[in-house]
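An overview of the molecular structure
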Amino acid sequence: MGTIGIAGAGAWGTALANVAGLGGHDVILWTRSPEQAKTLAATRINERLLPGILLHDRIRPTSDLHDLVATDFVLLVTPAQTTREMTAALATVLPRETALVLCAKGIERETGMLLTDVAEDVRPGSPVAALSGPSFADDVARGLPTAVTLACRNPALAEDIATALSGPTFRVYHRTDLRGVEIGGAAKNVLAIACGAVAGRGLGESAKAALIARGFAELLRFARAYGGEAETLMGLSGLGDLVLTCSTAQSRNFAFGQRLGEGLSPEEAAGGKLVEGATTARALVALARARGVDMPIAEAVERVLSGTSTIDQAVDALMNRPIKSEH
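Residues numbered from 1 in each chain as written. Predicted model: local features only at pLDDT ≥ 70, side-chain atom pairs only at ≥ 80, totals over all residues. Heavy atoms only, no water.

What follows covers the UniProt feature "domain: Glycerol-3-phosphate dehydrogenase NAD-dependent C-terminal" (unreviewed entry) in the chain. Here, UniProt's "domain: Glycerol-3-phosphate dehydrogenase NAD-dependent C-terminal" (unreviewed entry) annotation points to residues 177-315. With 75% helix and 0% strand, the stretch residues 177-315 has end C-alpha atoms that lie 34 Å from each other. (UniProt positions renumbered as here; feature names shortened; annotations may be inferred. Helix = DSSP H or I, 4+ residues; strand = E, 2+ residues; numbered from the N terminus.)

Below, the discussion takes up helix α8 (residues 205-225). For α8, spanning 21 residues, the distance from its first C-alpha to its last is 30 Å, which sits close to the expected 30 Å at 1.5 Å a residue. For α8, the secondary structure elements touched by its buried residues are α7 (178-200), α9 (230-233), α10 (236-245), α11 (252-261), α13 (276-290) and α14 (296-306). Following α8 by one or two positions, glycine 227 adopts a phi angle in the positive range, close to 90°. (Expected span 1.5 Å × (residues − 1). Contact = heavy atoms within 4.5 Å.)

A separate point is the side chain of threonine 279. Along the chain, threonine 279 falls in helix α13. On the basis of relative accessibility, which here comes to 14%, the residue threonine 279 falls in the buried class. Side-chain polar atoms of threonine 279 contact the backbone oxygen of glutamate 276, separated by 2.9 Å. If near-sequence neighbours (up to four positions away) are discounted, threonine 279 is found in contact with Gln81, Arg109 and Leu274. (Buried < 20%, exposed > 50% of the residue type's maximum accessible area, 1.4 Å probe, protein only. Polar contact = N/O pair within 3.5 Å; in protein donor to acceptor, adjacent residues only side chain to side chain.)

Let us look at the UniProt feature "domain: Glycerol-3-phosphate dehydrogenase NAD-dependent N-terminal" (unreviewed entry) in the chain. Following the UniProt record, the feature "domain: Glycerol-3-phosphate dehydrogenase NAD-dependent N-terminal" (unreviewed entry) maps to residues 4-157 here. Counting secondary structure, residues 4-157 comes out at 31% helix and 21% strand; the distance between its end C-alpha atoms is 14 Å.

With that out of the way, let us pick up the sheet that holds strand β2 (residues 26-30). Pairing in this open sheet of 8 strands is mixed, and the strands run β3-β2-β1-β4-β5-β6-β7-β8 from one edge to the other. Lying at the two open borders of the sheet, with one neighbouring strand each, are β3 (59-62) and β8 (170-175). Here the average twist between neighbouring strands, direction ignored, is 25°. Sheet topology note: the strand β1 (residues 3-7)/β2 ladder contains 5 bridges and is parallel. Directly across from glycine 5, in β2, lies its bridge partner isoleucine 28. Packed onto the sheet, helix α1 (residues 11-22) meets β1, β2, β3, β4 (73-76), β6 (128-132) and β8 and runs at close to 170° relative to β2. Along the sheet, helix α4 (residues 115-122) contacts β5 (99-102) and β6; its crossing angle with β6, the most-contacted strand, is approximately 155°. (Pairing = 2+ DSSP bridges. Axes fitted to C-alpha atoms, helices over the stretch in contact; angles between N-to-C directions.)

What follows covers the nonpolar core. One finds Ile107, Leu219, Phe222, Leu242, Phe256, Leu284 and Met295 to be the most contacted residues of the largest nonpolar core, which totals 45 residues. Every residue in contact with phenylalanine 222, bar those within four places of it in the chain, is listed here: Ile183, Leu284, Leu287, Ala288, Val293 and Met295. Val101, Val148, Ala162 and Val172 belong to the second-largest nonpolar core, a separate cluster that totals 38 residues. (Core = buried A, V, L, I, M, F, W, Y, C linked by side-chain atoms within 4.5 Å.)

With that settled, the discussion passes to the pattern of salt bridges. For the structure on display, the rule yields 20 salt bridges. When the shortest N-O distance is used, the salt bridge between glutamate 182 and arginine 179 registers 2.5 Å. In this pair, glutamate 182 and arginine 179 both sit in helix α7, 3 residues apart, roughly one turn of the helix. Each of Arg84, Glu108 and Asp121 takes part in one network of salt bridges that share partners. (Salt bridge = Lys/Arg side-chain N within 4 Å of Asp/Glu carboxyl O.)

Set out below in structure tokens:
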């Protein structure tokens, strides 16, 4: 593969563009803003989001979607709730056979659809993949060792894309369990809010560890109910991503939960920034209820965000659930 397209020049999109450039590929980095494209081309740096990190020489910024036409595949690196809009826009310029790799983690709020289902709804018959795993844009952009998972139902295509994206410090494993990979990425953001709230409330490391373990059990139940493989959830895109996101305020979802635990409202805690777990919580709980999946931690997060429960009430409810076998 020679040329890779990146749709979205945020921190994660820019970091992935650098990864692809370091791997020896020409990269077309698309941004919606003509001004940002000109600035990136002139300064070779995304100063606001990744200060001090230069764009690789093989990256060409653009604000014209048509520049993505000749790419071998396109990474869609825009927020989860823009997936339908962006896939529709790309469908007008990309050949039908060009694979779209979804890099956002979430569930479409209005329809309750997982993002690969959204992409397939908009571009029926076109290949779709998902990239997920424990990764922070700043770490990846600075060349710190990172490993993630690429899933696509076509095993040969999954291997090709994983190989193309892998480099000296960025290792991409591949699987065909598309459903399991995207579920792990979407649901862990909701659970990270719970762990952040525990930290913000000062409830201790023991409580946080219990939440991670029981949250992972919820992930497994949900994934099985929707066709995901337990083995996938035991890997990078499930357990690995959950542990990272639930462990540090470098995670936007954890930091959001931490501020909730300190007494801020959801609006104050978000601070005007996008928090994927907050937009996913209600849809995740609705999907779980539709299949009879028990997800008490996710439900507790949803109640806190909707204002029907305080954090203290949510903790009390979780601690007073009926005693039962762990498994």
